[in-house]
Each structure stands twice: as structure tokens, then as C-alpha cells.
Amino acid sequence: MHEQTTRQLPTVAQATSGGFLDRWLDVVWVRLPGVLRRAGSLPALAANDGAGLAAVPLLGALLPPIAFFLGLLCGAVRFGTTWSFSESLGVLALFGLVAFFGGAGPGMWLWAGYALGDFFLYRRPDIYLADWNPIEAFIRTRGAWLLLYVLLALEVIVFPLTASALRRVTPLPFARPSRAAALAEGGLYAVIGAVLTYCWAQAVPILQRPIFTWRNDTPTTVAMSPLQQHWQWVVLAVVVGALGRTAFETLTWQNAAVRDRARRFAAIIAGADRQKITWTSVPLPARLVAGAIFTTILLAGMLPGWGDGLLLLLLLVVVYLSRQFLSNLVPGWYNILNRVPLVLRLLVAAILSRILTPLILTPLWPGSSNTGLWKLLGPLLDPLRAGDNFRPILLTTLVGLIIATLLTPPPPQPRAAAVVSPAPTFPGAEVRQ
């Protein structure tokens, strides 16, 4: 009798991991990413990144909604910030800690909460009051806010997802999965996250300028200087979050429930690929042009005017199309580079960009040498030497993008098989042996 009663009573772990909690975990880590698959593979993979948190069911169930309400609160109340999240190192450090500990999934929940709170609930000072054209004011202000949300998405969604992907595709001297592999991948995750966050911290003060310049305002010091001067605190928070995730995954890498959800998510992705319900069905040239437009908008903070934007857009379209054309024309180039780990290729691209940057900026700096060859090129270089724009920095950014593009070519597109017409036949024809 005692044994029968013991068998019928669930354990505490079964009671907490079953029922509503288990269904909620499926919604957060399997069904929602599956729905986002219709928008492309990256949104689905981002929403699923961090699914290992469900090894502790309460943590996996609570962190995403907590991240959402945290973002909503920071977006609506702002905690001392007026124009941009860059005004508060504390908010940025908290965002980085949550995103790199939880992964891109909780980072996506945090970002959605912040964007909703900032866009709909927070009232900025002097908005629309001095603008006689409300439609133009709407585009210049709220349009610039969208750019701000893209910059935040890079830190809390794209970078954790990128670091996770790079650590998993980098060859290791350990078998996968294993505790040793989890530790090694965690070290890569922390280093890659720190490097990406440092670059982001240096770029955000410039790239967010449209929230001021599109309204004919001047960027404030409090929105520009904290990240530029004290970026190390945000990087430290990212490293702490990454190491925390590493320790968690090292202790729970054998969890059966997490592996089961991973298999079901992989099945959803495979089914979506077979049904072709992703935007990749859009013709490749259209996707490349859309990517060039997105990149141009992202770099709008460096653009002095519309003419520079159109020129940059044209150059990016040429670069992106040439990248795919190079892979199709010289598939051996892709095959050779594909043997080198992606993280090493990106490191080489960063080093080359760092070496070329001073070589490019020196002749373009205001007051630079104007003798010899530079004197002949003066009419071309003078617009870049004006000193009142970011054209030299934009040029170095474009050079770095070209280097990274050349070292990370996409796979060649499969060629359509040639259709061979059957040989004509006629009565009495014979096959000679």
C-alpha cells in the first residue's frame, strides 16, 4: 500500500515542470520561434537562442517575460535618460548582462518591451511643438527612433546570436557535446561578445545622430560621451553575463528536456524549409538590394546629405552583388575560405581594417599634406577633408565592409541542370554495338 501511494504521488520536480509551466516553456522556446520562422530563419533562431535555460524550468519560464517587463519599464520610465539609452551606462550594462546570460531569446523579449515602451508610452520633450508640418515631424522623430531600436537590437539580439553561432561552428579539440566543449565554447562566446560590444559602443554615438540631426538639433554631450569614455563597464557586464551562461550550460548540458525541445524546434525549422515559407523565396537580387538599403539607413548618422546616401547605396549594391557573383564565378575561392574557421576570417578582416584605417585617414584629414600626388588628387580629396562631416570615417567603414565581404563569401548558387533533348528516332533505326 505504501509503495502504491508513493508511485501515485508526483515528485516536486515533476509537479513544477509539468502542466502549465511545461506548456509555457513550449510556447516560449518552441512554438513562438516556429511562428517567427515565417519571417526568416534568423528571427526563429534568435527566439530559440537560450533554450538551455529551461534546464531549470522556472528560470526558463520566467526570464523572458521578466526581460520584457524590464525593457518596457526602461523604455517608458527611462530612469534618467531623455533621448537615448546611451545616456545611462547602468541601463546598458543591465541590458548586456541579461542578453548575454539568457541569450538572444530573452534579448528579443527585452528589446520588444523597450521598443513598445519607448515608442508608445514615453513622451519626449518638445516633440511636435515647434514643427508646423505634423507628417514631416512624425517621420523625422519617430523614424529616427526606429533607427535607435535597430542599434539596440544589435547589442541584445544580433550579437548574442552571432557569438553563439560562431562558438558552435569553430573547430575544437574536444568532442561535442561535452563539458569540456561547453567550457571552450563559453570562452569564445565571452571574447566574441566583448569585441562586438566594444565596437558597438564606439559606433552608437555616431550612428544615433539622426535622432537629433533629422530634427535640425545638435547631439547632446550626455548622449554621446558615456559610451565613448566608459564603454568598459558595458563590456564587463557582457563578459559576466557570458561567463554566467557558460557556467550554467556546463552544468546542464545533458538535460533531456532541453534536448527534446531542441529536436522539436529542429523539426519545425526543417518543415519550414521544405515548405519554403521564408522570405528567402524572394529573388536574390531583391534581397541584396534590400540589404543595401538597410545598411545605408543604419549608417545614416555618418551621411552629410542625400547625395552621399544615394552614392553609398549604389556602392553597397555593387559590393553585395559582386560578393555573390564572385562565389558563382570562382567557386574555388569559397571552397578555400570555407576551410578556415569563420571566427579566424573575421579576425583577419578586423586586423586588416585596423591596419588600413590610419593609411586611409592620414591623407584625408584636414590640413594633411598637399604636395605631389595628393596635390593632383586635391579636387577629389577636398570634399573629404572638409572637417565638418564623417566622410573619411564612412570611407574606412566601407573598406572594412568590403574586406569582410571578400573573406566571407556566400556559397555558390546551384546551377540549373541542362536539359538534354532526346535523340530523334525513326522507324527502323538500330543501335549499333
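Note that the structure is a prediction, hence the values are computed from the model and not measured. (Residues numbered from 1 in each chain as written. Predicted model: local features only at pLDDT ≥ 70, side-chain atom pairs only at ≥ 80, totals over all residues. Heavy atoms only, no water.)

### Observations concerning unusual backbone geometry
Phase 1 of the analysis: Of the consecutive residues arginine 176 and proline 177, the connecting peptide bond is found in the cis state with omega at -5°.
Phase 2 of the analysis: Relative to the assigned elements, proline 177 resides in the loop between helix H8 (134–169) and helix H9 (179–207). (Helix = DSSP H or I, 4+ residues; strand = E, 2+ residues; numbered from the N terminus.)

### With respect to the nonpolar core
Phase 1 of the analysis: Counting 76 residues, the largest nonpolar core has Phe85, Phe95 and Trp200 as its most contacted members.
Phase 2 of the analysis: Among the elements that line this core, the one with the most residues is H8, at 15 residues.
Phase 3 of the analysis: Those residues in contact with tryptophan 200 that sit more than four places away from it in its chain are Phe85, Leu92, Leu151, Leu154, Glu155, Phe159 and Leu227. (Core = buried A, V, L, I, M, F, W, Y, C linked by side-chain atoms within 4.5 Å. Buried < 20%, exposed > 50% of the residue type's maximum accessible area, 1.4 Å probe, protein only. Contact = heavy atoms within 4.5 Å.)

### Considerations on the packing of aromatic side chains
Phase 1 of the analysis: One pass over the full model with this rule turns up 11 aromatic pairs.
Phase 2 of the analysis: With centroids separated by 5.9 Å and ring planes inclined at 80°, the aromatic side chains of phenylalanine 95 and tyrosine 114 adopt a geometry described as edge-to-face. Within this pair, whereas phenylalanine 95 is found in helix H6 (residues 89–102), its partner tyrosine 114 is found in helix H7 (residues 104–121), the two being separated by 19 residues in sequence.
Phase 3 of the analysis: Assessed through its relative accessible area of 1%, phenylalanine 95 is described here as buried.
Phase 4 of the analysis: Classification of tyrosine 114 as buried rests on a relative accessible area of 2%.
Phase 5 of the analysis: Measuring from centroid to centroid gives 6.5 Å for phenylalanine 119 and tyrosine 149, while their planes differ by 65°, and the two rings are edge-to-face. On the criterion of sequence distance, the pair formed by phenylalanine 119 in helix H7 and tyrosine 149 in helix H8 is long-range, its members being 30 residues apart. Taken individually, phenylalanine 119 and tyrosine 149 each receive the classification buried, so the pair is uniform in this respect.
Phase 6 of the analysis: In textbook terms, an aromatic cluster arises when at least three aromatic residues are bridged by ring pairs, as seen for Phe85, Phe95, Tyr114 and Trp200.
Phase 7 of the analysis: Cation over ring: arginine 167 sits above tyrosine 189, and NZ or CZ is 4.8 Å from the ring centre. (Phe/Tyr/Trp six-rings, centres within 6.5 Å; stacked < 30°, edge-to-face > 60°. Lys NZ or Arg CZ within 6 Å of the ring centre and 35° of its normal.)

### Considerations on the confidence of the model for the chain
Phase 1 of the analysis: In this model, the chain carries a mean pLDDT of 82, and residues with pLDDT of at least 70 account for 80%.
Phase 2 of the analysis: The spread of mean pLDDT over the elements of the chain runs between helix H2 (residues 12–17), the lowest at 42, and H6, the highest at 96.
Phase 3 of the analysis: Within the model, the stretch residues 1–17 combines pLDDT values under 50 with 3 contacts to residues more than four positions away or in other chains. (pLDDT = per-residue confidence, 0-100.)

### Here's the deal with the environment of glycine 71
Phase 1 of the analysis: You can see glycine 71 is positioned in helix H5 (residues 57–77).
Phase 2 of the analysis: Take glycine 71: its relative accessible area is 0%, and that puts it in the buried class.
Phase 3 of the analysis: For glycine 71 and glycine 113, which are 42 residues apart along the polypeptide, the C-alpha to C-alpha distance reads 4.5 Å.
Phase 4 of the analysis: Filtering out sequence-adjacent residues up to four positions away, glycine 71 remains in contact with Leu110, Gly113 and Tyr114.

### Quick notes on a nonpolar patch on the surface
Phase 1 of the analysis: Residues Val340, Leu344, Leu347, Val348, Ile351, Leu352, Ile355, Leu356 and Leu359 make up a contiguous nonpolar surface patch of about 750 Å² in total accessible area.
Phase 2 of the analysis: Relative to the helices and strands, valine 340 resides in the loop between helix H15 (331–337) and helix H16 (342–364).
Phase 3 of the analysis: Take valine 340: its relative accessible area is 33%, and that puts it in the partly exposed class. (Patch = residues over 30% accessible without salt bridge, like charges linked within 9 Å, V, L, I, M, F, W, Y side chains within 5 Å. Areas by Shrake-Rupley, 256 points an atom, 1.4 Å probe, with all protein chains shown as cover. Salt bridge = Lys/Arg side-chain N within 4 Å of Asp/Glu carboxyl O.)

### Side note on the side chain of threonine 246
Phase 1 of the analysis: As for its placement among the helices and strands, threonine 246 is situated in helix H11 (residues 221–252).
Phase 2 of the analysis: Excluding residues within four positions of it along the chain, threonine 246 makes contact with Ala182, Leu183 and Gly186.

### Section: the pattern of salt bridges
Phase 1 of the analysis: Following the criterion strictly, the structure yields 9 salt bridges and no others.
Phase 2 of the analysis: Salt-bridge contacts for arginine 261 lead to aspartate 26; the nearest nitrogen and oxygen are separated by 3.1 Å. Residue arginine 261 is located in helix H12 (residues 256–275), and its partner aspartate 26 is located in helix H3 (residues 19–36); the two are separated by 235 residues in the primary sequence. For the pair arginine 261 and aspartate 26, a shared accessibility class is recorded, and that class is buried.
Phase 3 of the analysis: One salt bridge in this structure joins aspartate 26 and arginine 264, with 3.2 Å as the shortest N-O distance. A residue pair is termed long-range when its members are at least 10 positions apart, and aspartate 26 in helix H3 and arginine 264 in helix H12 qualify at 238 residues.
Phase 4 of the analysis: On the basis of relative accessibility, which here comes to 33%, the residue arginine 264 falls in the partly exposed class.

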